[in-house]
Amino acid sequence: MPQETIQVLDVVLRESPSWNYVTVSRSFFSTTFGHRGDIGEGLECWRGYYQSLRPTQMGLSLNIDISATSFFKPVSVIKFVEEYLNMRDTSRPLSDRDRVKIKKALRGVRIETTHQQDQIRRYKITGVTSIPMSQLIFPVDDKGTRKTVVQYFWDKYNYSLKHGSWPCLQAGSDSRPVYLPMEVCKILEGQRYSKKLNDRQVTNILRATCKRPQEREQSIHDMVLHNKYADDRFAQEFGIKVSSDLVTVPARVLPPPLLKYHESGREKTCAPSVGQWNMINKKMINGGTIDNWTCLNFSRMRPDEVQRFCMDLIHMCNATGMVVNPRPFVDVKSAAPNHIENALRDVHRRATQMLAQQGVGNQLQLLIVILPDVSGSYGKIKRVCETDIGIVSQCCLPKHASRPNKQYLENVALKINVKVGGRNTVLERAFVRNGIPFVSEVPTIIFGADVTHPPPGEDSASSIAAVVASMDWPEITKYRGLVSAQPHRQEIIEDLFTVTKDLQKGHSVNGGMIRELLIAFRRKTNRRPERIIFYRDGVSEGQFSHVLLHEMDAIRKACASLEEGYLPPVTFVVVQKRHHTRLFPEVHGRRDMTDKSGNILPGTVVDQQICHPTEFDFYLCSHAGIQGTSRPTHYHVLYDENHFTADALQSLTNNLCYTYARCTRAVSVVPPAYYAHLAAFRARYYVEGESSDGGSTPGSSGQTVAREGPVEVRQLPKIKDNVKDVMFYC
C-alpha cells in the first residue's frame, strides 16, 4: 500500500481527537485523561496517548500507547516566575541572569491580561524588557507625551502596579512593542513546554507515568475503549474499523551466550540468568595494569576517608583481576571546587616531573577524582583531562565514595579496567572456530554511530556525531571512539569520509572517521576487515533512505580510499529505541514468561505480524526490566550485503548485548550503538563544560540571534591520543 494512502487514513483517524484534545506531534493530551501532576518550576504533567497507523505483515494496524508530557501551569506569570526561579521574596528586583532565564522560558508562550474585567486580551510573549517597568518610558500619544509603564497603568486603568522593580513582558515586534506587566498576565492553559526538563522534573514525570506491564496494558486497553473508534463519524465514513483488543504475536526467547572469564578465577565461564550475572569468583579476562595512579578530592571528605576509599577501590581492582600498584604515584591531594583546572594541571605537572626523574612510564595512567559536593563540575573535569592534559580519569560521587559498598566498587572497577585498555569478559564462542556465525569466519569490524542534538531552545549549539568501532577480532569487545561537531540538528553524519585540499602540496587528502577507524583496526589486528556491520542509532523512519544513501556512500569511499578495489560487504542496521511498540507477556505473572519486574524475558524477539510487510526488521528485548514496562529495541536492516539470516543477525545482536563493559547485565541496546551514544554525550560536555549541570541552562550568552544563513560550527577540542586509545567514554 502506498505511503500516501496510509497517511490519508492516518489523518482520518486523527480528525476527531484533534478537535477535542491538545495535539503534540503524533500524541493527544488532555486533562480529562487523569490528574495533572505538578512536576515543579511552574510546570505540570498531562496524560494522553500516542496513535499511529502503520503497515504491518497483518495489514494495517493502529499503534497506541499511553504517554505523558510537560505543560505550563495556567497560573499568573508572577506565580510562574516565583516557581521557576524558586524565589522566596518577589519584592526584590530580578537579576540579569534571572531575567534571561525567564525570557528563554516564556518566549512564544500565550498569555491573557487580567487588569480589565470587561475585556480580556490575548498576546504571545516575544521577550522580556531589560529595564524595570518603573523606569521603562514609552510614547503614549502622537504628541510625543512619554510615561513610564507604572504611571500609564495608574492614569489609564487606575491600577497600581506592585512589582515596579521587575521588567515587563514584551509582545508585538521590536519596532512596535507592547509592554505587559507580569502581574496582569496569566498563562493560557494547554501549552506544551518543549524545552529540556531538569533531573528533578524528569523524576517527577516518571513517577507519575511509570507503570508495571500489567497496569500499562490495562491503561492502553481502557484508552482504546475511551476513544470509541466505532462511533467515530470520520472513521465510519471511510469504512475504518478498529478492533478493541491487543494483537497476540508469536515470539521466541533467544538463549543467553556463555561468557568467558580468566582461567585463574574459580569460575572460568559464566551462564547469565535472566539477563544478569555477577563477578563473584571471577576474574576479568584481560585485567589492565596500572603502575602510576593518584587521586584528587574536590569534596568535603576527610583525607583519611579519601585514603580508605582509594585503598578499597584498588583492592577491588586487584581482586577482580587487574594488576594495580597499591600505592599512589604522587600524593593524594584535596582541592577546592573553584580551583578545578589548576588542581588538575598541578597533578599532571607533579606526575610528569616524577616520571622524568624516575624514568618509569611516560604518563599518569589513571586519575581518580572525587567530585565536589555540588554538581556541575563533571564536564569541566572531563574536558581538561581528555582534551587538555591527556589523563584517563574516573570520577566518583562523594556520597558513594564516603560509603562505598561492594557492588559499587565492582562496577567502578569494571569501568577502570576498560579505561586502561583491559577487557572484562568476552563471548566464549569467539574462540571457537566459526563460533559466532558470520563474525568468526573472517575479520569483521562492528561500527556503532549516533548523533546527539542540543536540547530544544538551544538555537545555535552544534549537533555532535560519534562513531565507534571494534578494534579486536575475534573477541569484539574493545571499541575505539571518535567524535565530531556538525551543523545544528543535522542527522546525517558529515565526517564519515572527507576529502580536503593540502594547500602546501596542492593534492587532496582523504580523511574522516570511518577511514581512521579502519586504519586503527588494521594497526591493532594486522588484518583488514573483510566484513562491516554498521549499527546506526537515532534515525527516524522518514530519514531512512536519506541516511542510508549518504552514509553507505561514505563507507564505500572510505574503503576504496585505502586500497583500490577494497569493497568489504556491509550490513547497515538502524537501531530505534524511540518508538511506541510495547510487548506484554500473554499471561501476566507467569514465572516462565516474565522476569522479576513482570516484563517479557530478556532475549525475546518478535519478527512476525507487527513487523514491516516487506523489509527486514525485528523487535528484540535483550534486557531484563527493572521498573516500568520494558521498551524493546527495533532493529531495521536497511542494507545487507553479508546476507545474514534473520536468526544469525538476531542472535549476534542479542549476544553482543552481553558484552557491555560497564555492568554485569545484558543491556537494551546493542553496545556499539550504546558506546557511540556515550561518546557523543561526552563530547557535548567539552563544548558546554561551563554550564553542564544537568539542569536547564541558558545558551552561552543568553543572547539568541536571529540567524542569517548557517552558523559556524564550533569544532570540538581534540582528544589526546593516549586517551583516544582506550574506552575513555565508559
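What you see as residue numbers is a count from 1 along each chain, following the sequence as written. With pLDDT at 70 or above as the cut-off, local features in this predicted model cover only qualifying residues; side-chain atom pairs require 80 or more to be listed or tallied, and sums for whole chains, interfaces and linings still use all residues. Just so you know, side-chain values use all the structure's heavy atoms and leave hydrogens and water out.

## Overview of the overall build of the protein chain
Short version of the rule: Helical segments are the DSSP runs of H or I of at least four residues, strand segments are the runs of E of at least two, and each set is numbered from the N terminus. Our radius of gyration looks at C-alpha atoms and nothing else; its globule reference is 2.2 Å times the residue count to the power 0.38. Exposed residues in this analysis have more than 50% of their type's maximum accessible area, buried residues have under 20%, and partly exposed residues fall in between, with area computed by a 1.4 Å probe over protein chains only.
When its secondary structure is counted, the protein chain shows 17 helices and 32 strands. Relative to its length of 730 residues, the protein chain is compact, with a C-alpha radius of gyration of 29 Å against a globular reference of 27 Å. Expressed as lengths along the three principal axes of its C-alpha atoms, the size of the protein chain is roughly 90 × 75 × 60 Å. Taking all 730 residues of the protein chain together, 52% fall into the buried category.

## Quick word on the sheet that holds strand S28 (residues 531-537)
To keep things clear, this is the line we draw: The pairing criterion for strands is at least two bridges between them, as found by DSSP. Any pair of residues with heavy atoms lying within 4.5 Å of one another is described as a contacting pair. Between N-to-C directions, angles cover 0 to 180 degrees, with each direction set by a line fitted to C-alpha atoms, over the stretch in contact for helices.
Reading across the sheet, the 9 strands line up as S13-S30-S31-S32-S29-S28-S23-S24-S25 and stay open at both edges, with mixed pairing between neighbours. Lying at the two open borders of the sheet, with one neighbouring strand each, are strand S13 (252-253) and strand S25 (479-486). Pairing of strand S31 (residues 616-621) with strand S32 (residues 633-640) involves 5 bridges; the strand directions are antiparallel. Residue pairing in the sheet places leucine 620 in a bridge with threonine 633 of S32. Those strands touched by helix H14 (residues 544-562) are S28, strand S29 (570-576) and S32, and its axis lies near 140° from that of S29.

## Description of the UniProt feature "domain: PAZ" (unreviewed entry) in the protein chain
Quick note on the threshold: UniProt positions are given in the numbering used here, feature names are shortened, and annotations may be inferred rather than shown by experiment.
UniProt marks residues 76-189 with the feature "domain: PAZ" (unreviewed entry), using the numbering shown here. Within residues 76-189, the helical portion is 25% and the strand portion 31%, while the C-alpha atoms at the span's ends are 11 Å from each other.

## Examining the pattern of salt bridges
Operational definition: We define a salt bridge as a side-chain nitrogen of Lys or Arg found within 4 Å of a carboxyl oxygen belonging to Asp or Glu.
For the coordinates displayed, the defined rule picks out 39 salt bridges. Measuring nitrogen to oxygen at the nearest pair gives 3.2 Å for the salt bridge that ties lysine 260 to glutamate 263. Given a relative accessible area of 49%, glutamate 263 falls into the partly exposed group. The network of salt bridges with shared partners includes Asp38, Lys73, Lys79 and Glu83.

## Re the side chain of arginine 682
Rule in force here: Whenever two N or O atoms come within 3.5 Å, that pair is a polar contact, provided that in protein one can donate a hydrogen and the other can accept it, and provided that, for residues adjacent in sequence, both atoms are side-chain atoms.
Mapping arginine 682 onto the fold places it in helix H16 (residues 671-688). Here arginine 682 falls in the buried class, since its relative accessible area comes to 4%. Of note is the side chain of arginine 682, whose polar atom sits 3.2 Å from the backbone oxygen of phenylalanine 728. Sequence-distant contacts of arginine 682, defined by excluding residues within four places in its chain, comprise Tyr378, Lys382, Glu386, Phe728, Tyr729 and Cys730.

## Focus on unusual backbone geometry
Cis geometry marks the peptide bond from tryptophan 473 to proline 474, where omega comes out at 10°. Phi is positive for phenylalanine 438, which is not a glycine, with a value near 70°. Secondary-structure assignment places phenylalanine 438 in the loop between strand S22 (426-427) and strand S23 (444-452).

## Digging into the pairing of strand S4 (residues 43-56)
Along S4, 13 of the 14 residues are buried, which leaves the element largely enclosed by surrounding structure. Relative to S4, strand S2 (residues 27-30) is paired through 4 bridges, and the arrangement is antiparallel. Across the sheet, residue phenylalanine 29 finds its bridge partner in S4, namely glycine 48. Relative to S4, strand S3 (residues 37-40) is paired through 3 bridges, and the arrangement is antiparallel. When the bridges of S4 are listed, aspartate 38 appears paired with glutamate 44. With 14 bridges joining them, S4 and strand S5 (residues 59-72) adopt antiparallel strand pairing. Bridging across to S5, cysteine 45 finds its partner in serine 70. Once S4 ends, the chain turns through 2 residues before running back antiparallel as S5.

## With respect to the domain arrangement of the protein chain
To keep it simple, the criterion reads: For every domain, the bounds stem from an assignment made automatically or drawn from a database. Buried area counts how much accessible surface, traced with a 1.4 Å probe, disappears from two parts once they are put together, with both parts' losses summed.
Domain parsing of the protein chain yields domain 1 (3-71 + 199-238), domain 2 (77-187), domain 3 (287-422) and domain 4 (426-578 + 636-688 + 712-723). Here the C-alpha centroids of domain 3 and domain 4 sit 30 Å apart. On the domain 4 side, the residues contacting the 18 residues of domain 3 number 14 residues. Overall, the association of domain 3 and domain 4 removes approximately 1,400 Å² of surface from exposure, summing both partners, and the carbon and sulfur fraction of that is 57%. The tally of links from domain 3 across to domain 4 stands at 1 salt bridge. Elements supplying a minimum of two residues to the side of domain 3 that touches domain 4: helix H10 (378-389) and helix H12 (406-419).

## Re the sheet that holds strand S19 (residues 333-334)
On the basis of which strands lie adjacent, the open sheet formed by 4 strands has the order S19-S17-S20-S21 and parallel pairing. For this open sheet the edge positions go to S19 and strand S21 (393-396), each flanked by a neighbour on one side alone. Relative to S21, strand S20 (residues 366-370) runs parallel, the two being bridged by 4 bridges. Each residue of the ladder has a partner; that of isoleucine 370, found in S21, is cysteine 396. Where helix H9 (residues 340-358) meets the sheet, its contacts fall on strand S17 (293-297), S19 and S20, and the angle it forms with S17 comes to roughly 155°. Contacting S20 and S21, H10 crosses the sheet at an angle of about 165° to S21.

## Some details on the packing of aromatic side chains
Heads up, the rule is: Aromatic rings from Phe, Tyr and Trp, taking only the six-membered ring of Trp, are treated as a pair when their centres fall within 6.5 Å; an angle between ring planes under 30 degrees marks them as stacked, one over 60 as edge-to-face, and anything in between as tilted.
Overall, the coordinates contain 28 aromatic pairs when judged by the stated rule. Geometrically, the ring pair formed by tryptophan 46 and phenylalanine 71 is stacked, given 4.1 Å between the ring centres and 15° between the ring planes. Placement of the pair is tryptophan 46 in strand S4 and phenylalanine 71 in strand S5, with a sequence separation of 25 residues. Overall, tryptophan 46 belongs to the buried group, its relative accessible area being 3%.

## Remarks on helix H2 (residues 77-84)
Across the 8 residues of H2, 6 count as buried, placing the element largely inside the fold. All buried positions along H2 are accounted for by Val77, Ile78, Phe80, Val81, Glu83 and Tyr84. Downstream of H2 by a residue or two, asparagine 86 has a phi angle that is positive, lying close to 55°.

## Let's talk about the environment of leucine 136
In this fold, leucine 136 is placed in the loop between strand S7 (122-132) and strand S8 (137-139). Along the backbone, leucine 136 and lysine 147 are 11 residues apart, and their C-alpha atoms lie at a distance of 8.0 Å. Not counting residues within four places of it along the chain, the set of residues in contact with leucine 136 comprises Thr129, Ile131, Lys147, Thr148, Val149, Cys168 and Tyr179.

## Thoughts on the packing of H9 against H10
As a reminder of what qualifies: Roughly parallel covers angles under 35 degrees, roughly antiparallel covers those over 145, roughly perpendicular covers 65 to 115, and oblique covers all other angles. Crossings are sorted by hand: turned counterclockwise from the far helix by less than a right angle, the near helix makes the crossing left-handed, and turned clockwise it makes it right-handed. Think of it as three bins: nonpolar holds Ala, Val, Leu, Ile, Met, Phe, Trp, Tyr, Cys and Pro, charged holds Asp, Glu, Lys and Arg, and polar takes everything else, Gly as well.
Axis separation between H9 and H10 bottoms out at 10 Å; the angle between their running directions is 40°. Between H9 and H10, the angle falls in the class oblique. Viewed along their axes, H9 and H10 form a crossing whose handedness is right-handed. On the side of H9, the interface is formed by Ile340, Glu341, Leu344, Arg345 and His348, while H10 contributes Lys380, Ile381, Arg383, Val384, Cys385, Asp388 and Ile389. Its residues assigned to classes, the contact of H9 with H10 shows 6 nonpolar, 1 polar and 5 charged.

## Quick word on the nonpolar core
Heads up, the condition is: In plain words, nonpolar cores are sets of buried Ala, Val, Leu, Ile, Met, Phe, Trp, Tyr and Cys residues tied together by side-chain atoms within 4.5 Å.
Core analysis: the largest hydrophobic core is formed by 119 residues, its most contacted members being Phe447, Tyr535, Tyr675 and Tyr729. A domain-level breakdown of this core finds at least three residues from each of domain 3 (287-422) and domain 4 (426-578 + 636-688 + 712-723). Once you skip the residues sitting within four places of it in the chain, phenylalanine 447 turns out to touch Val467, Val468, Ala469, Ile514, Leu517, Leu518, Ile532, Ile533, Phe534, Tyr535 and Pro672. Grouped together as the second largest cluster of nonpolar side chains are 40 residues, Phe72, Ile102, Trp166 and Ile187 included.

## Some thoughts on the pairing of strand S11 (residues 177-181)
One ladder, built from 5 bridges, connects strand S10 (residues 167-172) with S11; its direction is antiparallel. Within S11, the residue paired with cysteine 168 across the bridge is proline 181. The antiparallel hairpin formed by S10 and S11 contains 4 residues in its connecting segment.

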